[in-house]
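So you can see what is in the structure, the chains are spelled out below.
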Amino acid sequence: TGGGTLANVNRWREQLQLLPWTNKDLEKNLSLVTCSLGSGNFLQLSNPTTQQSFLIYQIQYQQGTWFIKMKGPQSLIQTHKGDFLAFIETLQPFE
């Protein structure tokens, strides 16, 4: 989806019934995670009221952007955060 990283993050925050972020909020909460495709942005979003969370990885690859997102109950997402990050590390370029 277009609009850049902040627009995408605010779209996901809206899906979780959270208020939008500013660029400063985004910078404080993004982490760089590296895989064989390069470095990408990792983010965890959670709404304590609804107990819903997202894990999101965004990476520029070739002429596009890949988004990998896991959505679910906050407790389940927290339990599988390590699995999600391990999966990110397995991403491989395709021919």
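Before reading further, recall that the structure is shown in the block above.
What comes next is a walk through the structure. Residue positions are counted from 1 within each chain, in the order its sequence is given. At least 70 in pLDDT is required for a residue's local features to be given in this predicted model, at least 80 for side-chain atom pairs to be given and counted, and no such filter applies to totals for whole chains, interfaces and linings, which use all residues. Working from all heavy atoms in the structure, the side-chain values ignore hydrogens and water.

**Details of the environment of Asn8**
Here comes step 1: Strands are runs of DSSP state E lasting at least two residues, helices are runs of H or I lasting at least four, and both sets are numbered from the N terminus onward. Examined against the element boundaries, Asn8 turns out to sit in helix H1 (residues 4–15).
Here comes step 2: The sequence separation of Asn8 and Gln60 amounts to 52 residues, and the corresponding C-alpha distance is 14 Å.

**A look at the nonpolar core**
Here comes step 1: To define a nonpolar core, start from buried Ala, Val, Leu, Ile, Met, Phe, Trp, Tyr and Cys residues and group those joined through side-chain atoms within 4.5 Å. Each residue is assigned to one of three classes by its accessible area relative to the maximum for its type, calculated with a 1.4 Å probe on protein chains only: buried under 20%, partly exposed between the two thresholds, exposed over 50%. Counting 13 residues, the largest nonpolar core has Cys35, Tyr57, Phe84, Ile88 and Leu91 as its most contacted members.
Here comes step 2: Sorting the residues of this core by element identifies strand E1 (31–35), strand E3 (52–61) and helix H4 (81–89) as the ones contributing at least two each.
Here comes step 3: Core analysis: the next-biggest nonpolar cluster, separate from the first, contains ten residues, Val9, Trp12, Leu16 and Leu45 among them.

**A short note on the packing of aromatic side chains**
Here comes step 1: Aromatic pairing here means that ring centres of Phe, Tyr or Trp (its six-membered ring) are within 6.5 Å. Orientation follows from the plane angle: under 30 degrees is stacked, over 60 is edge-to-face, and everything else is tilted. Overall, the coordinates contain three aromatic pairs when judged by the stated rule.
Here comes step 2: A centroid spacing of 5.7 Å and a plane angle of 75° characterise the contact between Trp12 and Phe67, whose relative ring orientation is edge-to-face. One end of the pair, Trp12, is in helix H1; the other, Phe67, is in strand E4 (residues 64–73), and 55 residues separate them in sequence.
Here comes step 3: The exposure class assigned to Trp12 is buried, which follows from its relative accessible area of 9%.
Here comes step 4: The side chain of Lys69 reaches across the aromatic face of Phe54, ending 4.4 Å from its centre. Comment: the charge-over-ring label is applied if NZ (Lys) or CZ (Arg) is within 6 Å of the ring centre and within 35 degrees of the ring normal.

**Some points on the environment of Val33**
Here comes step 1: Topologically, Val33 is positioned in strand E1.
Here comes step 2: In this structure Val33 comes out as buried when scored by relative accessible area, which is 14%.
Here comes step 3: C-alpha separation for the pair Val33 and Ile88, spaced 55 residues apart in sequence, amounts to 8.3 Å.

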